[in-house]
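# Examination of the molecular architecture
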Amino acid sequence: MRRRSAVAFVAVVFALAACADQGVSTLGAVTSPTAPPTTVPPTTTSPLDEPATTTTLPATPTVEFEPCEESGLDAPSLESWECGVLTAPMDPGDPSGPTVDIAVTRRPGSRSGGRALLVSPGGPGAGGVEYVWQFAEFLPIDLLRLYDVVSWDPRGVGRSEPSVTCPRGARWSDTDLLARCAESTGQLMAHMSTPNHVADLEALRVALEQERLDYVGYSYGTYLGAAYANAHPEGVGRFVLDGPVSPVSGTLDAPVVLGEPWYADDGYGTARSRFFELCDATTLCDLGDSGDAFDALVVAVQDLPTDTYPGQRSIDALQLEAIVDAAMFDPFNWGLLATGLEDARAGDASTLDALADLYEVSPLYFGDVVDLRASNESIARSVIYCADFRKHPEVPDVCSGMPANLLQVGAIDTVDVRHPILVIGTAYDPATPIQHAEQMRDALGDAVVLNWDGVAHTAFVSNTFCIDDAVVEYLLDDVVPDDGTTCDFVPFAEGLEDTAEYLFELPPFYAESLIAEALDGRGERNADCLALELSGAGDRVATHAILGVESSDYVAAREAAVAACG
């Protein structure tokens, strides 16, 4: 079991969890780039009149890589990464028509021999390029040595071109939002359903010269991987599908959440109940009956002061629920949430205000205007969702403006592949509940389930050695776990109380690293020395130091630390 930096962990886990925001034909029509012309008729007329780029495609797709720093990109440790572009048909059924440029990044392994491991963060619409630059820092060293780690920005997303875009001033509340975005984006909007992304994945396999793909897909990425296995079973190597969605996503039998179809059922209530159960098992989460305490806070929180946090925004009931739900993705930092809830119960919501910033659920991160300045992933997610679910009778009205996509999703079907597919389920996954793991295994047929008895969205990597070791052995040695194998939430814990103690504790060595990172980020002098002093002042002071809450206890402890550090 390993603890991670709160900031780094949250950055990674929310990329994985993008899919938690918010009668059809089969996938058999998706065409391999190396196959002869498809029997699917090419699109002869576009639903839109905007011109699209047309490039003469090579007989075999290729990616020419160069050092990423030469591309003018800015990211940590970029000297280890290469970047390139894959040019693929916009319409997989019309190789001579308009094209898309898919941004691809690769970290060559020192002993890979060109063997690639493709990683999809999911979404739908989550960019893989910047995601994998951070994600790879957590991968076991054997995978980094023996694989080229590869990811990509899906068509229409991030650095891939053309990109999904919307007119200036477009609002999420506009019922014609996607119709307006389609006018701005052009023909690409008619080619954004999952089967189009499956075709891009096959083009990547060919371009990377892989006889079969080895693949790790998270959340919606499990659906992409399963759909690929249906369309191209001969191209499936070792596939890991972690946090699987429903295998009937996009069909009339898809899960319905809050009155609208979605890729997965809602697991937040189950995850939250497990949190309360563990909170009640330890004095490190001092809320009495935590469920009752939370219910009382939902009513009272809006009237509580937030004077000791610089944001000084009131926290309402919806934000409180969003904070707790976000923490279900981050169980190894539950000590921070426990302090926030304890402080609020004592009459001060400043720590909750700070957590709203940490988990990006404060009003600063939401607005009605569609803001594409930093990323277009949110609108791309909506586009792919509407392309996949457009024929569902309960789809939201905004999807009526989505151009029809020729390639439509279908239920995942049985496959016959060289290596059984490894499906990983998490017992209390808030975004992709555990039942979808068995459903996905049963739908694929040639697959096994590996379970983690934890609370989080997805299990691999760095949550538990049990899961990590099983995945590494599967990928490198083709060791397939017994179907139904379960890894403990905290492997060395003996019972509920031990598990809770581990999850809610902020041990000094861990608190010290988080405090040093936070103080350094705030420009503090002597951050390492101050962190060493503050880490021994108790969990509440440590939490306030990490989050920047200027409580009287923290201020006093910091003054003492400054005096000690000189």
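Everything here concerns the structure above.
Remember, it's a predicted structure, so these values are computed and weren't measured experimentally.

## Here we look at the pairing of strand β3 (residues 99–107)
In this sheet, β3 lies alongside strand β2 (residues 82–89) in antiparallel orientation, the contact comprising 8 bridges. Bridge assignment links Leu86 to a residue of β3, and that residue is Ile102. Of the pairings in the sheet, the one linking β3 to strand β5 (residues 148–152) comprises 4 bridges and is antiparallel in character. Along β5, the bridge assignment pairs Val104 with Trp152.

## Quick word on the nonpolar core
In terms of nonpolar packing, the biggest core is built from 103 residues, with Leu352, Phe460 and Phe504 touching the most fellow members. The leading source of residues in this core is helix α14 (residues 465–477), at 7 residues. Once residues lying within four places of it in the same chain are set aside, the contact partners of Phe504 are Phe275, Leu278, Cys279, Thr282, Leu284, Cys285, Trp334, Gly335, Ala338 and Asp539. If you look at the next biggest cluster of nonpolar residues, it comprises 68 residues, including Val100, Leu201, Ala254 and Val370.

## Description of the pairing of strand β7 (residues 236–242)
Along β7, 7 of the 7 residues are buried, which leaves the element largely enclosed by surrounding structure. In this fold, strand β6 (residues 213–218) hands off to helix α6 (residues 220–231), which returns the chain to β7; that crossover is right-handed. As judged from the 3 bridges shared by β7 and strand β10 (residues 421–426), these two strands associate in the parallel manner. In the strand pairing of β10, Leu241 is matched with Val423.

## Remarks on the environment of Thr499
Structurally, the position occupied by Thr499 is in helix α15 (residues 496–504). Residues Thr499 and Leu278, 221 residues apart in the sequence, show an inter-C-alpha distance of 7.7 Å. Not counting residues up to four positions away in its chain, the partners in contact with Thr499 are Leu278, Phe489, Val490 and Ala493.

## Let's talk about a negative patch on the surface
On the surface, a cluster of negative charge is contributed by Asp280, Asp289, Asp292 and Asp295. Mapping Asp292 onto the fold places it in helix α8 (residues 290–300).

## A few points about the pattern of salt bridges
Two side chains that carry opposite charge are able to pair once their charged atoms sit near each other. Inspection of every chain in the model, using the stated rule, returns 19 salt bridges. Two residues, Asp343 and Arg540, come together in a salt bridge whose shortest N-O distance is 2.9 Å. Taken together, the positions of Asp343 in helix α10 (residues 334–345) and Arg540 in helix α18 (residues 539–547) put the pair 197 residues apart, joining distant regions of the chain. The buried category is assigned to Asp343, whose relative accessible area is 6%. Arg540 gets classed as partly exposed once you look at its relative accessible area, which sits at 34%. Between Arg441 and Asp442 there is a salt bridge, with its nearest N and O atoms 3.0 Å apart.

## Some words on the environment of Gly288
Here Gly288 is to be found in the loop between α7 (268–279) and α8. For Gly288, a relative accessible area of 49% puts it in the partly exposed group. Excluding its chain neighbours within four sequence positions, the residues that come into contact with Gly288 are Asp280 and Arg345.

## Regarding the state of the cysteines
For the coordinates displayed, the defined rule picks out 6 disulfides. Between Cys68 and Cys83 runs a disulfide, and the two sulfur atoms are separated by 2.0 Å. Every disulfide takes its handedness from the sign of the S-S torsion; for Cys68 and Cys83 that torsion is 95°, giving right-handed. Taken as a pair, Cys68 in the loop between β1 (66–67) and β2 and Cys83 in strand β2 lie far apart in primary sequence, 15 residues in all. On the basis of relative accessible area, Cys83 is assigned to the buried category, the value being 8%. In this model, Cys166 is linked to Cys181 through a disulfide, with the two sulfur atoms separated by 2.0 Å.

## Thoughts on the packing of aromatic side chains
Counted according to the given criterion, the structure contains 23 aromatic pairs. Pairwise contacts between aromatic rings join Phe275, Phe276, Phe294, Phe332, Trp334, Trp452, Phe489, Phe492, Tyr502 and Phe504 into one cluster.

## Thoughts on unusual backbone geometry
Geometrically, the link from Gly123 to Pro124 is a cis peptide bond, its omega value of 5° lying close to zero. Going from Glu161 to Pro162, the amide bond is cis rather than trans, its omega being -10°. Note that Pro162 resides in the loop between β5 and α4 (177–185). Even without a glycine there, the phi angle at Leu258 is positive, about 50°. With respect to the helices and strands, Leu258 occurs in the loop between β8 (256–257) and β9 (260–261). Of note, Thr458 is a non-glycine position whose phi angle comes to about 80°, a positive value. Inspection of the secondary structure puts Thr458 in the loop between β11 (447–452) and α14. We classify Thr458 as buried; its relative accessible area is 3%.

## Observations regarding α8
Of all the residues in α8, the buried ones are Ser290, Gly291, Ala293, Phe294 and Leu297. Down the axis, α8 shows its buried residues gathered within 160° of arc, on one side only. Opposite the buried face of α8, by more than 90 degrees, sit the exposed residues Asp292 and Val299. Structurally, α8 contributes buried residues whose contacts are with α7, α9 (317–327) and α10.

## Considerations on the packing of α7 against α8
The geometry of α7 relative to α8 is characterised by a closest axis approach of 8 Å and an angle of 120° between their N-to-C directions. Between α7 and α8, the angle is such that the two are oblique. Between α7 and α8, the residues in contact are Arg272, Phe276 and Cys279 and Ser290, Gly291 and Phe294, respectively. The class makeup of the residues in the contact of α7 with α8 is 3 nonpolar, 2 polar and 1 charged.

## Focus on the sheet that holds β7
Strands in a sheet are paired, the pairing made by backbone hydrogen bonds, and the direction either parallel or antiparallel. If you walk across this open sheet you meet the 10 strands as β1-β2-β3-β5-β4-β6-β7-β10-β11-β12, and the pairing is mixed. Sheet topology places β1 and β12 (485–487) at the edges, where each strand pairs with a single neighbour. Across the sheet, α6 lies against β4 (116–120), β5, β6, β7 and β10, angled at about 145° from β6, the strand it touches most. This element, α14, spans β4, β6, β7, β10, β11 and β12 of the sheet and lies at about 165° to β7.

Cut-off values and rules
Residues numbered from 1 in each chain as written. Predicted model: local features only at pLDDT ≥ 70, side-chain atom pairs only at ≥ 80, totals over all residues. Heavy atoms only, no water. Pairing = 2+ DSSP bridges. Helix = DSSP H or I, 4+ residues; strand = E, 2+ residues; numbered from the N terminus. Core = buried A, V, L, I, M, F, W, Y, C linked by side-chain atoms within 4.5 Å. Buried < 20%, exposed > 50% of the residue type's maximum accessible area, 1.4 Å probe, protein only. Contact = heavy atoms within 4.5 Å. Right-handed = clockwise from strand over helix to strand, strands pointing away. Patch = residues over 30% accessible without salt bridge, like charges linked within 9 Å, V, L, I, M, F, W, Y side chains within 5 Å. Areas by Shrake-Rupley, 256 points an atom, 1.4 Å probe, with all protein chains shown as cover. Salt bridge = Lys/Arg side-chain N within 4 Å of Asp/Glu carboxyl O. Lys, Arg positive; Asp, Glu negative; His and termini not counted. Charge placed at Lys NZ, Arg CZ, Asp CG, Glu CD. Disulfide = S-S within 2.5 Å. Phe/Tyr/Trp six-rings, centres within 6.5 Å; stacked < 30°, edge-to-face > 60°. Arc of directions from axis to C-beta. Axes fitted to C-alpha atoms, helices over the stretch in contact; angles between N-to-C directions. Parallel < 35°, antiparallel > 145°, perpendicular 65-115°, else oblique. Nonpolar A, V, L, I, M, F, W, Y, C, P; charged D, E, K, R; others polar.

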